[in-house]
Structures are given as structure tokens and as C-alpha cells.
Amino acid sequence: MASETMKNLLAQMTIEEKVAQCMQLSPFFFPGTKVEGEVTGPLAELELTEKDVQLVGSTLGSSSAEEMIAIQEKHLETSRLNIPLLFMADVIHGYKTVFPIPLALGASFDREAAEEMAAVSAKEATADGLHVNFSPMLDLVRDPRWGRVMESTGEDPYLNSELGVAMVRGYQGETADLEKDYTKMAATVKHFAAYGQPEGGREYNTVDMSNRELYQNYLPAYRAALDAGAKLVMTSFNVVDGVPATMNRWLNRDILRGEFGFDGVLISDWGAIQEVINHGTAADKREAAKLAMTAGVDIEMMTSCYMQNLQALIEDGELEATILDEAVLRILTLKEELGLFQDPYRGLKANDRQKEIFSEEHRNIARIIAAESAVLLENKAHTLPFAANQQVALVGPLADSNDVLGGWTVYGEKEQAVTLEAAFQETFTNPAIIPTPYTTLTETHKAAIKQAVEGSDIVIAAVGEKTEWEGEAGESRNSSAPRIAISISGLLTHPWKTSGDCIIQWPPDRDQRTCRK
């Protein structure tokens, strides 16, 4: 509930200041950013001026505490009412310390693991100046062709609900006392709603389902996380019942705010408000702004429909001023709950918390959770576990790859990853390592694999996809990973081909030594 202090602040704001609170831009638009480059072009594309940027309410994707402090300082120098910026980002499965992908967390069936992952992620992200996390993603998924399956915890409403609640607790803390605990951050439930069921697995495609299916399977996880106290919700790109979620009053007003009782901030996904024009449900940016604000979307991410049109819509009597006031009050309340009016830097000016990022303690936690997420499908021949004195061959495209962090790893660095090759060389005596292409084996590769098989007790095929083959807009009718797996398995004459034992090890974390345990 909004405080009297925030209500009084709202009363002092001009309509220009209110509208600008409802816009979010990338850091490079702001004075103080570390990113060098010309912003005149991007500003012109958005039809914004430097004065407009001075009034904007939030930013996404800041990369360090140093950058956050510099941007916030410059911003407050020009803010008439000293309203601080919100700093948001995607920290999906770890910040610098990378954890297993959310789908792997689902495979662990472990609430404590999900909560601990989120707690470590929040501790590191806040140490670098972030306030809001665009996680957890609680889209139930049942079509493997969809590229964002790895961001979800799976296909079961109960499992997704339980892990979603655990992640909200981890990000925000048990009591969500964000005003005092600067190691915690606000959680964003996404993508509302039913984003995980686009027709044909095609990204941004139509979602067409019955109300019973929606309520029984797709809405429960969102609601559970909101009941746990998540501060924000993000809209989805898809249409539901013919209406884009970002302008869907039934979803956002009737269900989210009405039935679920959510009174926090509702933010669009990247460019989603302007995209309703592409859906054919708004004629232009003006109508898109009107429909989205009327539907209850408080913040527009990275397009300028609100900035260019909300004031005119109100002045022309097409939009009630009270709707804008409600949106701005929710944004101000979130800033107050995060303690930003007391300390816009959340302690980082007085305390350097860099030692908390990518610490050995956090890496050990990630290794434990990675081991928990591994799935043993079959071990009838007792091939597993391996003995250190066995002669081992490691073959496949992931044998020497550092592309093992998983999708949506914004802040993790591949260069710091421990590859399977390094882990095997550390564990076994003279292992045979045969890296291969991701798609097709050459005769040279085939010969090398056959030679390695003949001299080995155990052969491990390390196969999978490149990160860029999955994720947002990465849908696929099929995968090349199974094809290369079949090609390699045809060369394995013993003992793997006869045992058939198999373990699924997801992109576990930054350290592939987890795979040997």
C-alpha cells in the first residue's frame, strides 16, 4: 500500500515527470554510463531529447556498481524532486556465479536449491548495484520446440509453483524487508500469461487455449509467486484469446489485479507495447499507449509510446489522469520499498561489496546444486560412478567447449568456465579427448573416435547445442544434437554401446568438474 509520503510526492509531480517515470531505457542513454558511443541516433529513433532522459524512471542492464553510482549521481543532479532511478536486469540463473539453468533446477525437485540459487544471485547482483531482477520465469512449457524451454522449471504446475515461491524467497528474503536488507532485490514474475504455449513452438506466436486449461495449468505458478510477495510482473509477447497480453485488460486488470489482488508494478517486455501495432490490434503508437496503460501496464520497456502520447491522451480526454497516477504511485512505492529514497545507492557508496561476487563459497554452492540437478536415466550395468584409474575417452562437440553456461547468462563469462576436457584431465590418467564439430563428423574424427574407443574402458559422448541455438527467438523444429549423438554412438563398440547407461547433465554451472562427481 502506498505511503502518505509517496502520495504527497506524486501530488508535486508535473504530468511530464509522471509520464517519464513510466519509461525504461538502457544505461547507455544516461550520463555517467561506462558505455561509450553516440546516443543521438538512438534518441532520435525513440523521438526523445536529453531532457526526456533526465526524467526517465528506470534503466535495465547496468553492468557494475561503479556505473550504477555514476548514473544515479548524474540523474539526481537534474531530478527536481530527487526521485532516484530503478536499476533492473535479467539475472536468470546466477550473476557472475552461474548456476544450472532453470529447467535443470526443475529436474532437481529441490526447493532449497532454488531458493539458495536465488539468494546467491541477489547477493551478487545487488553488490553490483541492481535493484530488480526479471526472474522467476514461471511459464509452464510442454512443447520442446520452443526456444525458451530452458528458462522454465518445467511442465508441471505444482512444481513450477513451489520452485517459483522458493526463488521469490531467495531474491527478496523471507520477510521481503528490501528497505533494510541491501543484499536482496525485488523479484519479477514473468511472462504473464501463458507465454510457454505458443502455437507450433514458434516464438511470439498465438496462444489459443480454453479458460479451464489456462486456470488449471498455466496461471497457478504465477499466482503462487505473487502470493509469496513478488513485487513486479512482466507481460508476455504473445496474444491470449486474440488480444496481445500487453494490452489485455482481462488478463491484467480482471485476473492479475482483480482475482489475484496484485498491487505491484506491471512492466512490459522489451518493446512489447509498440509491438501490439504489429499484431494489428493498435493502429499506431498513440493507440498502443492508450490500450497498454488502460490495461494496467505501468512501465514501458525500450519504446517511447508512453513518452510521446500519454500526456496528449490525457489532455484530449481519451485517458483518465487517475490511471497514470495509479501507475506512477506503484513505481514510487517500489522505490520506497527498496529504500532508494533513504539511500539511492543501497549502501554501495559506503561499502565495496565486490568480494561477494564470484566467491569460492558461491562457486561451491553452485557445484552442489549442479550435482543435484543431474538426472540418472539408467545404470543397469553399473557403469557409474567411474573410477579414477579407468581408461576414459571423452568425445563430442562439448568435450573442449567453454560454451557450457546455458542461455540467458548475461553476466557470466565463458572464459572463466572449466571445460570437460580440463576436468577430465584433472581426474583421470591420460584420458583420450576427441573434440568434434557440432553437426557433422569428418572421416578424421571418425577414425580418431574409433581409435580412442579401442583403447578405453569407458567412452563419454559429450553432446548438446550451442547457446545461440536456443533461447528467445531460438525455436527449432528439430535439433542437431541428437543427430551428432547418433553418429557418435554408432562408433562406440564397447562398453557404452552394450551398457546403454546414461546420465543427463544439464549446463550445470561454470565448472564442469561437477560432472565427475
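Rules used in this analysis
- Residues numbered from 1 in each chain as written.
- Predicted model: local features only at pLDDT ≥ 70, side-chain atom pairs only at ≥ 80, totals over all residues.
- Heavy atoms only, no water.
- Pairing = 2+ DSSP bridges.
- Helix = DSSP H or I, 4+ residues; strand = E, 2+ residues; numbered from the N terminus.
- Axes fitted to C-alpha atoms, helices over the stretch in contact; angles between N-to-C directions.
- Contact = heavy atoms within 4.5 Å.
- Phe/Tyr/Trp six-rings, centres within 6.5 Å; stacked < 30°, edge-to-face > 60°.
- Buried < 20%, exposed > 50% of the residue type's maximum accessible area, 1.4 Å probe, protein only.
- Domains from an automatic or database assignment.
- Salt bridge = Lys/Arg side-chain N within 4 Å of Asp/Glu carboxyl O.
- Polar contact = N/O pair within 3.5 Å; in protein donor to acceptor, adjacent residues only side chain to side chain.

Focus: the sheet that holds strand S13 (residues 432-435)
Across a sheet, strands are paired by hydrogen bonds formed along the backbone, either parallel or antiparallel in direction.
Right, on to step 1. Taking strand neighbours across the sheet as the criterion, the three strands line up as S13-S12-S14 in an open arrangement whose pairing is parallel. Where the open sheet ends on each side, the last strands, each with one partner, are S13 and strand S14 (458-461). For this sheet, the mean inter-axis angle between neighbouring strands, taken without regard to orientation, is 15°.
Right, on to step 2. With four bridges connecting them, strand S12 (residues 392-396) and S14 associate as parallel partners. Looking across to S14, one finds that Ala-393 is bridged to Val-459.
Right, on to step 3. Across the sheet, helix H17 (residues 420-427) lies against S12, S13 and S14, angled at about 175° from S12, the strand it touches most.
Right, on to step 4. Its contacts with the sheet place helix H18 (residues 443-454) against S12, S13 and S14, and it is angled at close to 160° to S13.

A few points about the packing of aromatic side chains
In this description, an aromatic ring pair is defined by two values, namely the gap between the centres and the angle between the planes.
Right, on to step 1. Summed over the entire model, instances satisfying the criterion amount to 10 aromatic pairs.
Right, on to step 2. With a centroid separation of 5.3 Å and an interplanar angle of 70°, the aromatic rings of Phe-192 and Tyr-222 are classed as edge-to-face. Of this pair, Phe-192 sits in strand S5 (residues 186-192) while Tyr-222 is found in helix H10 (residues 220-227), placing the two residues 30 residues apart along the sequence.
Right, on to step 3. The buried category is assigned to Tyr-222, whose relative accessible area is 0%.

Overview of unusual backbone geometry
Glycine aside, negative phi is the norm for most residues, and most peptide bonds take the trans geometry.
Right, on to step 1. The residue after Lys-190, namely His-191, is reached through a cis peptide bond having omega -5°.
Right, on to step 2. Checked against the element boundaries, His-191 lands in strand S5.
Right, on to step 3. Of note, the amide linkage connecting Leu-384 to Pro-385 takes the cis form, showing an omega dihedral of 0°.
Right, on to step 4. Examined against the element boundaries, Pro-385 turns out to sit in the loop between strand S11 (375-378) and S12.
Right, on to step 5. One non-glycine residue, Trp-408, lies in positive phi territory at about 55°.
Right, on to step 6. Examined against the element boundaries, Trp-408 turns out to sit in the loop between S12 and H17.
Right, on to step 7. Look at Asn-430: it is not a glycine, yet its phi comes out positive at around 50°.

Here's the deal with the domain arrangement of the chain
Right, on to step 1. Along its sequence, the chain is carved into domain 1 (4-355) and domain 2 (376-493).
Right, on to step 2. Computed over C-alpha atoms, the centres of domain 1 and domain 2 are 37 Å apart.
Right, on to step 3. Summed over the shared surface of domain 1 and domain 2, the result is two salt bridges.
Right, on to step 4. A salt bridge links Lys-96 to Glu-413; its shortest N-O distance comes to 3.0 Å.
Right, on to step 5. On inspection of domain 1 and its partner domain 2, the count reaches nine residue pairs in polar contact (both at pLDDT 80 or more).

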